[in-house]
Amino acid sequence: MVKVNVGGCSSFVKDAEYQKYVGKALEAFDVLESGSGAGNDFLGWKTLPVDTPDSLIADCEAIRDAWAEKGVELVVVIGIGGSYLGARCAIEALSHGFVRKEGVPQIAFAGNNLSEDYLAELMDLARMRSTACVVISKSGTTTEPAVAFRIVKEYLEKTYGKAEAATRIVAITDAKKGALKTLATQEGYKTFVVPDNVGGRYSVLTPVGILPIVLAGFDMRAMLRGAAEEREALLAKSADNPAVQYAAMRNLLYSGLGKKVEILVTFNPKLQYLGEWWKQLYGESEGKECKGIFPASVVCTTDLHSMGQFIQEGDRVLFETTVTVKNASREMVIGFDSQNLDQLNYLAGQRVEHCNKMAQLGTQLAHIDGGVPQMEVSVEKLDEASLGALFYFFEFACGVSAYTLGINPFNQPGVEAYKKNMFALLRKPGFEAQTEEILKRIQ
């Protein structure tokens, strides 16, 4: 379902060099498929499209239906990083841009920042809506989601009473241990398990993503089918494997040409959060040992009027990967105007999407002329199945790419550094010894 075109790099690389990197990517493919590489205890994501039981989706649908009977109008999904980005990507991509679907609750995300204004405004919304909550945390002690959950939980219990509030809270957490698991058991929350062998950034096809997507009214079975079809296509060890092609070219551009930045481009604003999800997936998987391609994203044509100048003529450290949706879901035709003051009559009768596609092609050609290699990742349409395929493609390709680079794709040793400083500054018990030292550094 996912196709890759590396032709926009052909003027920058020699075919012999590309074939060399294809060979390296095929070796990395073997490492990923055999489970012999670093981080091999976190490969559970690979079989989720075919191993996820229908009963899990049915359980999520039962919560959706029970909350609908209660008249729930707002579901606050609390999580950070991989605990929310995949679900938000899917919901933003599939939802109407301006109108909420009839009979479906509004999904709001929290616990992904520590902004007081954001949380206060979210609680303003909760006070206007019948509210429920999904809290996603392996430990239950990660600061951002823990703060948000404490505030939301207190509100739900004061508003509906402890017993009713417990029916409006679902916890997605560890199977056996952790603060959130302990609380869920004490309070009687419905729970789902975050699998031990699936890291957060690979978790969109676990309950972490499944429950919010189902609550938003979308077809999770179709998403899993799309991912399963993509998985089947990517199991073939071949130079024509799209994941191998993508991993080989990005590693060649990085190691061979010194391209340090990859920009994920979309010409569909519904895919803005695909870029956010992809940035965590690749940044956290590859950014180690002073290695890795810096992941960035833009939404065009909007960002051509802000970032376009730099991409066209700035430091030549970057390449672009454009995610293309071949067929729009809706049709809008540009009309004829007798005055033609805007000078657009030459487009009369054309679909807006035709203009968008020509803008995309023109941009890619201009950027090639400006020294920016181009890759394209495409799907036929934007629906649940295609999103499932895109999720699985990028996850699989990330494993191949990171192993090609010689990096463990499944750990994240650097993410704790800021937390130690924050805890010391907040005077968290156990961090007092570091507080004075840090205060001296910032004075």
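Residues numbered from 1 in each chain as written. Predicted model: local features only at pLDDT ≥ 70, side-chain atom pairs only at ≥ 80, totals over all residues. Heavy atoms only, no water.

(A) The sheet that holds strand β3 (residues 106-110), seen in detail. Strands sit in the order β3-β2-β4-β5-β6 across an open sheet of five strands; the sheet is parallel. Only two strands of the sheet have a single partner each, and these edge strands are β3 and β6 (190-193). Pairwise comparison of adjacent strand axes, ignoring direction, gives a mean angle of 20° for this sheet. Sheet analysis places strand β2 (residues 74-78) next to strand β4 (residues 131-136), joined by five bridges and oriented parallel. What sits directly across from Leu74, in β4, is Thr131. Running at roughly 155° to β3, helix α5 (residues 116-128) makes contact with β2, β3 and β4 of the sheet. (Pairing = 2+ DSSP bridges. Helix = DSSP H or I, 4+ residues; strand = E, 2+ residues; numbered from the N terminus. Axes fitted to C-alpha atoms, helices over the stretch in contact; angles between N-to-C directions. Contact = heavy atoms within 4.5 Å.)

(B) The arrangement of the environment of Ser203 in detail. Residue position: Ser203 is located in the loop between β6 and α9 (207-215). Ser203 sits in the buried class, given a relative accessible area of 2%. Apart from the residues within four sequence positions on either side, Ser203 is in contact with Gly82, Val198, Val208, Gly209 and Glu395. Here the side chain of Ser203 touches Gly82 through a polar contact of 3.3 Å, landing on its backbone oxygen. (Buried < 20%, exposed > 50% of the residue type's maximum accessible area, 1.4 Å probe, protein only. Polar contact = N/O pair within 3.5 Å; in protein donor to acceptor, adjacent residues only side chain to side chain.)

(C) Molecular detail of the nonpolar core. Core analysis: the largest hydrophobic core is formed by 99 residues, its most contacted members being Trp45, Val134, Phe393 and Phe394. At 14 residues, helix α15 (residues 384-405) tops the list of elements feeding residues into this core. Apart from the residues lying within four places of it in its own chain, the contact partners of Val134 are Trp67, Val75, Val76, Val77, Ile78, Val170, Ile172, Leu211 and Leu215. (Core = buried A, V, L, I, M, F, W, Y, C linked by side-chain atoms within 4.5 Å.)

(D) Quick peek at the packing of helix α12 (residues 272-286) against α15. Running from N to C, α12 and α15 cross one another at 25°; their axes reach a closest spacing of 10 Å. Classified by the interaxial angle, the pair formed by α12 and α15 is roughly parallel. Like other packed secondary-structure pairs, α12 and α15 cross with a definite hand, here right-handed. Mapping the contact onto sequence places Leu274, Trp277, Trp278, Leu281, Tyr282, Ser285 and Glu286 in α12 and Leu390, Phe391, Phe394, Glu395, Ala397, Cys398, Ser401, Ala402 and Leu405 in α15. (Parallel < 35°, antiparallel > 145°, perpendicular 65-115°, else oblique. Left-handed = near helix turned anticlockwise from the far one by under 90°.)

(E) Inspection of unusual backbone geometry at higher detail. A cis geometry characterises the amide bond from Cys300 onward to Thr301, with omega recorded as 10°. Topologically, Thr301 is positioned in the loop between β8 (294-299) and α13 (308-313). Located in the positive-phi region is Glu289, a residue other than glycine, with phi close to 55°.

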